[in-house]
Amino acid sequence: MHIYFCGSIRGGRDDVALYQKIVKKCQQYGTVLTEHVSHGHLTEKGEDASLEGDKAIHDRDMKWLTMTDVIVAEVTQPSLGVGYELGRALDMQKKIFCLFRPSSGRGATYVTIK
Ligand SMILES: O=c1[nH]c(=O)n([C@H]2C[C@H](O)[C@@H](COP(=O)(O)O)O2)cc1CO
């Protein structure tokens, strides 16, 4: 099974320790295509886009999104990229599992109610 994990990168890396736990758990069930999202050394500058650019990152991610069986998203930390991925995934009629922590004091994005 292919799993696409979504978590904030440029939106802020406060929850990266949690992303690591979620990705580890998901790896018990299948291949996590976006394991890099959980890497501790990845900063809010994003992946090194200097070689191929953001377009290459986007195109790779959309290819993975198309081939994935399920999406797991941690949405507590607001992220434009995660919102975009969820919108695209909804259009592709993918199975989406959103995780949100009410204890954060934030409001959940409306994307999670669909
Ligand atoms: O370098 C990157 N690599 C990457 O795979 N993404 C994808 C995966 C994440 O689930 C999501 C994070 O978006 P954002 O960076 O806007 O918080 O976008 C986003 C970036 C940077 O925007």
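The structure displayed is predicted, hence computed values, not measured ones.

Peer 1: Any details on the overall build of the protein? Residues and values, ideally.
Peer 2: Within the protein one finds 3 helices and 4 strands. Its helices and strands in sequence order give the protein the pattern β-α-β-α-β-α-β, from N to C terminus. The C-alpha atoms of the protein give a radius of gyration of 13 Å, which matches the 13 Å a tight globule of 114 residues would have. With 114 residues in all, the protein has 40% of them scored as buried. Within the protein, contacts between residues separated by at least 24 positions form 73% of all contacts whose residues are at least 6 apart in sequence. Summing over all exposed atoms, the protein offers an accessible surface of approximately 7,000 Å²; the carbon and sulfur share of this is 55%.

Peer 1: Please give an account of the site of the ligand that cites residues and values.
Peer 2: Neighbouring the ligand are 18 residues; Arg-10, Glu-47, Asp-61, Ser-79 and Glu-85 lie closest to it. Gly-11 is positioned with one of its backbone polar atoms (N or O) 3.1 Å from an oxygen atom of the ligand. The separation between an oxygen atom of the ligand and a polar main-chain atom of Gly-81 is 2.9 Å. Protein burial of the ligand: of its 450 Å² of free accessible surface, 90% is covered by the chains. Counting only elements with at least two residues in the shell around the ligand, the list comes to α2 (54-67) and α3 (80-91). It is α3 that contributes the most residues to the shell around the ligand, 4 residues altogether. Within the shell around the ligand, the residues separate by chemical class into 6 nonpolar, 7 polar and 5 charged.

Peer 1: So what's going on with the sheet that holds strand β4 (residues 95-99)? Residues and values would help.
Peer 2: Judged by pairing direction, the sheet is parallel, and its 4 strands sit side by side in the order β2-β1-β3-β4 without closing on themselves. Because the sheet does not close on itself, it has two edges, and the strands there are β2 (31-32) and β4. Here strand β1 (residues 2-6) runs beside β2; their pairing, made up of 2 bridges, is parallel. Each residue of the ladder has a partner; that of His-2, found in β2, is Thr-31.

Rules used in this analysis
- Residues numbered from 1 in each chain as written.
- Predicted model: local features only at pLDDT ≥ 70, side-chain atom pairs only at ≥ 80, totals over all residues.
- Heavy atoms only, no water.
- Helix = DSSP H or I, 4+ residues; strand = E, 2+ residues; numbered from the N terminus.
- Rg over C-alpha atoms; globule rule 2.2 N^0.38 Å.
- Buried < 20%, exposed > 50% of the residue type's maximum accessible area, 1.4 Å probe, protein only.
- Contact = heavy atoms within 4.5 Å.
- Areas by Shrake-Rupley, 256 points an atom, 1.4 Å probe, with all protein chains shown as cover.
- Near = heavy atom within 4 Å.
- Polar contact = N/O pair within 3.5 Å; in protein donor to acceptor, adjacent residues only side chain to side chain.
- Nonpolar A, V, L, I, M, F, W, Y, C, P; charged D, E, K, R; others polar.
- Pairing = 2+ DSSP bridges.

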